[in-house]
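# A look at the structure
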Amino acid sequence: MPSVMVHKVSATLTDDAQYKNFTDIPTSALATGTVVEMYPGTYDAIQSSNLTGVTLTGVGGPDRVVIKSVQLPSGSTGVATFENMTIGSGDDTVPVCNIVGTSTSASIHMKDCVINTGAATSPAALANHGTGHFILRNVNFEDDNALAPTAVSSVWSNGAGNILEFCSINSTSTNQALQGTAGTTTYRVTSVFQTGAGGCNTGGVVTTVSSNLFPTVGSANM
């Protein structure tokens, strides 16, 4: 079995970390399967296709490691994985996490993360304009640690095969927590709690409910 390359990132170069930001790591050192350990601190926004094939994992609780925002550029391929961290500064007026380009096949997987939604605008706090997907496990959408609705939706995805398990999602009264392109987007939803004022998903999106979706306000519309 090939060895996994591990890099340490720390804003203060603690614990012998080699880099102060993810973007300081050379592309040649980010082979598929690489693990990047992010030490406590707040880090600059990442806009790079180098994220795909790599797992970024926070050291400490999700509130200890904050990445201001994430963007996969048009044409990116593969899967970018995030674990045990917060994404979003709370001041965002664009999607906190964005996959750009209608033909982009890259996907994003998240586990044990917090999305600090801020005032993210259309189409959602997490937006996928391409053909890939989001897989979210134990991901909570919050606004500076409060379960307030986002300015729009939690997730908008153009692709199929989106999965949410044990997540809290939200939206305003005029939006849906999950959205996508009718006839194209699919979500599999398992034990997801809807915390906002809006409905759970846009009508016409093909959605499979594996377990339960519990809206507090609005229509489940599944």
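Since the structure is predicted, the reported quantities are computational estimates derived from the model, not experimental observations. (Residues numbered from 1 in each chain as written. Predicted model: local features only at pLDDT ≥ 70, side-chain atom pairs only at ≥ 80, totals over all residues. Heavy atoms only, no water.)

Once that is clear, we can look at the overall build of the protein chain. Counting secondary structure elements, the protein chain contains 0 helices and 22 strands. Residues counted as buried form 51% of the 222 residues belonging to the protein chain. A separation of at least 24 residues holds for 60% of the contacts in the protein chain among residues at least 6 apart in sequence. With the model as given, the accessible surface of the protein chain reaches about 9100 Å², and the carbon-plus-sulfur share is 51%. (Helix = DSSP H or I, 4+ residues; strand = E, 2+ residues; numbered from the N terminus. Buried < 20%, exposed > 50% of the residue type's maximum accessible area, 1.4 Å probe, protein only. Contact = heavy atoms within 4.5 Å. Areas by Shrake-Rupley, 256 points an atom, 1.4 Å probe, with all protein chains shown as cover.)

Moving on to the pattern of salt bridges. What the rule picks out here adds up to 3 salt bridges. In this structure, the salt-bridge partner of Glu165 is Arg137, at a minimum N-O distance of 2.8 Å. Taken together, the residues Glu165 in strand β15 (residues 162-165) and Arg137 in strand β13 (residues 134-142) connect sequence positions 28 residues apart. A salt bridge links Glu165 to Arg188, with the nearest nitrogen and oxygen atoms 2.7 Å apart. Here Glu165, found in strand β15, pairs with Arg188, found in strand β18 (residues 186-190); they are 23 residues apart in sequence, far enough to count as distant. Taking the relative accessible area as the measure of exposure, Glu165 reaches 14% and is therefore buried. A single salt-bridge network, built from bridges that share partners, covers Arg137, Glu165 and Arg188. (Salt bridge = Lys/Arg side-chain N within 4 Å of Asp/Glu carboxyl O.)

Moving on to the pairing of β15. Remember that side chains alternate between the two faces of the sheet whenever the strand is regular. Covered by surrounding structure in β15 are Asn162 and Leu164 together with Ile163 and Glu165, the residues of both alternating faces. Pairing of β13 with β15, which is carried by 3 bridges, proceeds in the parallel orientation. Paired with Leu136 across the strands is Leu164, a residue of β15. One ladder, built from 4 bridges, connects β15 with β18; its direction is parallel. Bridge pairing in β18 places Asn162 opposite Tyr187. (Pairing = 2+ DSSP bridges.)

The next subject is the side chain of Thr172. With respect to the helices and strands, the residue Thr172 is situated in the loop between β16 (168-169) and β17 (176-180). Residue classification places Thr172 among the buried positions, given a relative accessible area of 18%. A polar contact is formed between the side chain of Thr172 and the side chain of Asn175, at a distance of 2.9 Å. (Polar contact = N/O pair within 3.5 Å; in protein donor to acceptor, adjacent residues only side chain to side chain.)

Moving on to the sheet that holds strand β10 (residues 97-99). Backbone-to-backbone hydrogen bonds join strands into a sheet, with any given pair of strands oriented parallel or antiparallel. Read from one edge to the other, the open sheet built from 7 strands follows the order β4-β7-β10-β12-β14-β17-β20, with strand pairing classed as parallel. Bordering the open sheet on either side are β4 (46-47) and β20 (199-201), each of which pairs with just one other strand.

Let us now look at the environment of Asn201. Mapping Asn201 onto the fold places it in strand β20. Sequence separation between Asn201 and Ser153 is 48 residues, and the spatial gap between their C-alpha atoms is 9.3 Å.

On to unusual backbone geometry. Even without a glycine there, the phi angle at Leu13 is positive, about 55°. With respect to the helices and strands, the residue Leu13 is situated in the loop between β1 (6-9) and β2 (35-38). Judged by its relative accessible area of 38%, Leu13 falls in the partly exposed class. One non-glycine residue with positive phi stands out, namely Asp112, at about 55°. Assignment of secondary structure puts Asp112 in strand β11 (residues 107-116).

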